[in-house]
There are 2 protein chains.
Amino acid sequence: MDNVEALPALESRIAALVAQYAGIPDGMAVPRSCSSVMDAVASQGVTSSEGGKRLRARLALAAFDALRPKPDGDDEAWRGHRAAAADLACAIEVFQTAALVHDDIIDDSDLRRGKPSAHRALAAALGDDPQADHVGRGLGIMLGDLLATASVAIAHDAAAALPKTESIMRTFLRMHREVEIGQVLDLAVEEAPLDRPEALASSSLGVFRWKTASYTTIAPIELGLLAAGAKTAKAQAIAASIGTPLGLAFQLADDLIDVIGSSASTGKPVGGDIREGKRTVLLADALAGAGEADRAELIRMFEAPERDADDVARAITLFKSTGAIDRSRGRIATLWRTAASALDEAAGMLGLSPASRDLLLGACECFLPKDLRGC
Amino acid sequence: MDNVEALPALESRIAALVAQYAGIPDGMAVPRSCSSVMDAVASQGVTSSEGGKRLRARLALAAFDALRPKPDGDDEAWRGHRAAAADLACAIEVFQTAALVHDDIIDDSDLRRGKPSAHRALAAALGDDPQADHVGRGLGIMLGDLLATASVAIAHDAAAALPKTESIMRTFLRMHREVEIGQVLDLAVEEAPLDRPEALASSSLGVFRWKTASYTTIAPIELGLLAAGAKTAKAQAIAASIGTPLGLAFQLADDLIDVIGSSASTGKPVGGDIREGKRTVLLADALAGAGEADRAELIRMFEAPERDADDVARAITLFKSTGAIDRSRGRIATLWRTAASALDEAAGMLGLSPASRDLLLGACECFLPKDLRGC
């Protein structure tokens, strides 16, 4: 295997792992009359797993490869560890899919990555059943549970073939827990009042640590380093120092691109967060930077039950005129600089070669478009 | 610790473990504006965990104690293993709570163990928020996820202190997966047509293996034996041989008691399954045993969107007159005899003393009222 998988190799490994770990276990059978529904759930598991950018898996593998580069000549032990690290990296992606399946139920979302969300697809598979929406949602909750369990089982089997078996499992389970807490906090932020924008901005950033940085950047770096044999405390400290600012910057960039669009399509219409009335850092910054009339208008708009296309356009205008968009750009550039210098420090602590340092840096850069990194 | 915990000791250990593993991790903090919602979720986790009969934990501990009875005098190694086995047993109970929290959302249930279901309690905690039902359901999905993760983390830490660490984790994760598949199958059975009652009965019994026996009887016996050091294949074979018939009998008895009531209150009104229109083995047996007119009446009743108190009373009458209730009694007694003779055989294979055999038998007997065991 080459250093940092080609995307198709990761993609097909994820599909194979989901089919193996989230379907009917080998050698067991389900009652025939129920098998078509179970088949639909298992195959939806594979479908829902498709098409991510695999940034998280690639970051984990970059961390492994940076610390344990491919040796010259054939090395069976290295190959075994590298294959297990790749499965561990895939387990992070499977966990993300599990989280997204539940997230789409919580948010009542119809679409995910341009395709029907899992619970909607499962409802459609039930045909003209009058209870289809209800049963589809139930099957979606169970599919999320199955994928979450599968992610732990994949990680467990991978960890068993790696050094630091126990630390890897603890880190993986802590990642699960932090994201679940993050989702709770994300729902809580939506209940936050709009009259204290500075508090809203700091709450939102605080929530990013849990709901995004946890599994997007911190755990991938930590798991990759542990798989490569790093000491537990060192892996944890390094992952937090790079992953926290990088993960926050990634979420801020995601929210910003939702408003200003990007050259590459994100598969989402511009302004989706505004239409949903989401409490974002951008909104908080706009409220903080607005004059009295603009602030009142924004509050009225975001407290209304719905927002139409005109509202979205007006909100974007206000996000620009109040300086909120520039402030987000500034926040992202600062966080990126913090992450990059933490990476330099980590490279020294781990004794990485310049090539290894660049490999890890490259994987981190993928989380942010070049113009937002302040380059 | 004495052999087989007193219920209060298990109860307080479960509460402590849920607080430790499903709340904010030590040394971390969440944004202050979100902390009240997170506190409500964490404390609902403890509340939802309260008040079970702990049959599963006690069966797991009986299996441990049967194979590794308390030695004479103080034995530190035994005490350490026994404490870890107790935590492992508690992890099964925490997993059950996780499954029930999601189950209540899927079924739109208002009550659980006589108290508001988790998602309803969380909605109520949000006060007069117009989105309270929606957000409460979202928080409930996340609480179920948090408890499921907590159960794995508790099991992981317990397994690390026990022999057969890896087998214990594989068994625990297989239990998760089987129950999740079982919930999918349970939703699928509800879609089954009523015109082939023998097929419906056999499907329902097939689903019981997944949705009930998996975590109620099979996994507890297997985990208890593994914790006590039994060989992996032997523990698995013995757990399946006793746990499968016992678990099926337990679910049949649960469904039967829902119709005929019991001397001990189950906290549920009689006929709840009929009112919900559930496809049970009792219904299948009634359809199979009914004459043409009674069968048409039952089909009409169970295909209607709702059933009132008169329908419930009439269905119970038909369940009796068609022999369905007697057939369920017969099924339960046969399954119990199968389980009891599997237990005798297992006692021989494991070389259990008569006292150990009786201990395990007693824990199995608790799953069925005496009159249903055919004694």
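Residues numbered from 1 in each chain as written. Chains lettered and ligands numbered in written order. Predicted model: local features only at pLDDT ≥ 70, side-chain atom pairs only at ≥ 80, totals over all residues. Heavy atoms only, no water.

Some points on the environment of Gly138 of chain B
And then number 1: Its place among the elements puts Gly138 of chain B in helix α6 (residues 132-160).
And then number 2: What Gly138 of chain B contacts, discounting residues up to four positions off in sequence, is Ile106 and Leu187 of chain A. (Helix = DSSP H or I, 4+ residues; strand = E, 2+ residues; numbered from the N terminus. Contact = heavy atoms within 4.5 Å.)

Some details on the interface of chain B and chain A
And then number 1: Each partner contributes residues to the interface: chain B has 57 residues there, and chain A has 57 residues.
And then number 2: Interface of chain B and chain A: buried area, both sides summed, is about 5100 Å²; carbon and sulfur atoms make up 70% of it.
And then number 3: Its largest share of buried area at the contact with chain A, chain B owes to Met142, Arg177 and Val184 of chain B, together 13% of the area lost on that side.
And then number 4: Our count for the chain B to chain A interface comes out at two salt bridges.
And then number 5: Put simply, Arg170 of chain B and Asp157 of chain A hold a salt bridge, and the shortest N to O gap is 2.9 Å.
And then number 6: Put simply, chain B and chain A have 16 residue pairs in polar contact (both at pLDDT 80 or more) between them.
And then number 7: Put simply, the parts of the chain that give the side of chain B that touches chain A at least two residues each are α1 (7-22), α2 (35-49), α4 (76-106), α6, α7 (165-189) and α8 (197-227) of chain B. (Buried area = accessible area lost by both parts, 1.4 Å probe. Salt bridge = Lys/Arg side-chain N within 4 Å of Asp/Glu carboxyl O. Polar contact = N/O pair within 3.5 Å; in protein donor to acceptor, adjacent residues only side chain to side chain.)

With respect to the domain arrangement of chain A
Residue and element names in this part refer to chain A.
And then number 1: Each assigned domain of chain A is listed here: domain 1 (1-162) and domain 2 (164-375).
And then number 2: For domain 1 versus domain 2, the separation of C-alpha centres amounts to 24 Å.
And then number 3: Taking both partners together, domain 1 and domain 2 bury about 2800 Å²; carbon and sulfur atoms supply 79% of that area.
And then number 4: Contact with domain 2 buries surface across domain 1, with Leu59, Leu67 and Phe95 losing the most and accounting together for 24% of the total.
And then number 5: The interface formed by domain 1 and domain 2 holds zero salt bridges in total.
And then number 6: Where domain 1 packs against domain 2, one counts six residue pairs in polar contact (both at pLDDT 80 or more).
And then number 7: Of all the secondary structure elements, the ones that give two or more residues to the side of domain 1 that touches domain 2 are α3 (55-67), α4 (76-106) and α6 (132-160).
And then number 8: Among the elements that line the side of domain 1 that touches domain 2, the one with the most residues is α3, at 11 residues.
And then number 9: Partitioning the side of domain 1 that touches domain 2 into residue classes produces 23 nonpolar, three polar and five charged. (Domains from an automatic or database assignment. Nonpolar A, V, L, I, M, F, W, Y, C, P; charged D, E, K, R; others polar.)

Thoughts on the pattern of salt bridges
All names here are of chain A.
And then number 1: Taken as a whole, this structure holds 46 salt bridges over all chains when the rule is applied.
And then number 2: A salt bridge links Glu93 to Arg54; its shortest N-O distance comes to 3.1 Å. A residue pair is termed long-range when its members are at least 10 positions apart, and Glu93 in helix α4 and Arg54 in the loop between α2 (35-49) and α3 qualify at 39 residues. The pair formed by Glu93 and Arg54 is uniform in burial state, with each residue classed as buried. (Buried < 20%, exposed > 50% of the residue type's maximum accessible area, 1.4 Å probe, protein only.)

Digging into the environment of Val37 of chain A
Residue and element names in this part refer to chain A.
And then number 1: Residue placement: Val37 occurs in helix α2.
And then number 2: Accessibility expressed as a relative area gives 14% for Val37, which makes it buried.
And then number 3: Expressed as a C-alpha distance, the spacing of Val37 and Leu126, which sit 89 residues apart in the sequence, is 8.2 Å.

Quick look at the relation of the copies chain B and chain A
And then number 1: Overlaying chain B with chain A gives an RMSD of 0.0 Å, the required rotation being 180° about an axis along which the chain moves by 0.0 Å. Taken together, the rotation angle and the small translation identify this as a two-fold axis.
And then number 2: The share of interface residues of chain B whose copies in chain A are also at the interface is 100%, consistent with both copies meeting through the same surface. (Least-squares fit on C-alpha atoms with pLDDT ≥ 70 in both.)

A closer look at the packing of α6 of chain B against α7 of chain B
Residues and elements named next belong to chain B.
And then number 1: In the contact formed by α6 and α7, the axes pass within 9 Å of each other and the chain directions differ by 160°. As summarised for this structure, α6 and α7 are arranged roughly antiparallel, according to the angle between their axes. Between α6 and α7 the crossing geometry is right-handed. Note on element contacts: α7 touches α6 through Thr165, Ile168, Met169, Phe172, Leu173 and His176, opposite Ala148, Ser151, Val152, Ala155, His156, Ala159 and Ala160.
And then number 2: Among the residues making up the contact of α6 with α7, the classes are represented as nine nonpolar, four polar and no charged. (Axes fitted to C-alpha atoms, helices over the stretch in contact; angles between N-to-C directions. Parallel < 35°, antiparallel > 145°, perpendicular 65-115°, else oblique. Left-handed = near helix turned anticlockwise from the far one by under 90°.)

What about helix α14 (residues 324-350) of chain B?
And then number 1: Over its 27 residues, α14 of chain B extends 38 Å from the first C-alpha to the last, a length consistent with the 39 Å expected when each residue adds 1.5 Å.
And then number 2: Immediately beyond the C-terminal end of α14 of chain B, within one or two residues, lies Gly351 of chain B, with a positive phi of roughly 65°. (Expected span 1.5 Å × (residues − 1).)

Digging into the packing of aromatic side chains
All names here are of chain A.
And then number 1: On inspection of all chains with the given rule, the structure shows four aromatic pairs over all chains.
And then number 2: For the ring pair Phe250 and Phe367, a centre distance of 5.6 Å and an interplane angle of 80° mean the geometry is edge-to-face. Here Phe367 lies in the segment after α15 (354-365) and Phe250 lies in helix α9 (residues 232-260), a separation of 117 residues in the sequence. With respect to burial, Phe250 and Phe367 carry one shared label: buried.
And then number 3: The aromatic ring of Phe302 is capped on one face by Arg307, whose charged end is 5.9 Å from the ring centroid. (Phe/Tyr/Trp six-rings, centres within 6.5 Å; stacked < 30°, edge-to-face > 60°. Lys NZ or Arg CZ within 6 Å of the ring centre and 35° of its normal.)

Quick look at the packing of helix α9 (residues 232-260) of chain B against α14 of chain B
All names here are of chain B.
And then number 1: Where α9 contacts α14, the axes come no closer than 9 Å and their chain directions differ by 155°. Comparing their axes, α14 and α9 come out roughly antiparallel. Viewed along their axes, α9 and α14 form a crossing whose handedness is left-handed.
And then number 2: By residue class, the composition of the contact of α9 with α14 is 21 nonpolar, three polar and three charged.

Let's talk about the nonpolar core
Across soluble globular proteins, nonpolar side chains show a tendency to be buried alongside one another.
And then number 1: Core analysis: the largest hydrophobic core is formed by 270 residues, its most contacted members being Phe319 of chain A together with Phe319 of chain B.
And then number 2: Once you skip the residues sitting within four places of it in the chain, Phe319 of chain A turns out to touch Val259, Ile274, Leu282, Leu283, Ala286, Leu298, Phe302, Ala324 and Ile325 of chain A. (Core = buried A, V, L, I, M, F, W, Y, C linked by side-chain atoms within 4.5 Å.)

Re the environment of Glu11 of chain A
Residue and element names in this part refer to chain A.
And then number 1: One can find Glu11 in helix α1 (residues 7-22).
And then number 2: A C-alpha to C-alpha distance of 18 Å links Glu11 and Ala153, two positions 142 residues apart in sequence.
And then number 3: Excluding residues that lie within four positions of it along the chain, Glu11 makes contacts with Ser49, Glu50, Gly51, Gly52 and Arg54.
And then number 4: Within the structure, Glu11 has its side chain in polar contact with the backbone nitrogen of Gly51 (distance 2.9 Å).

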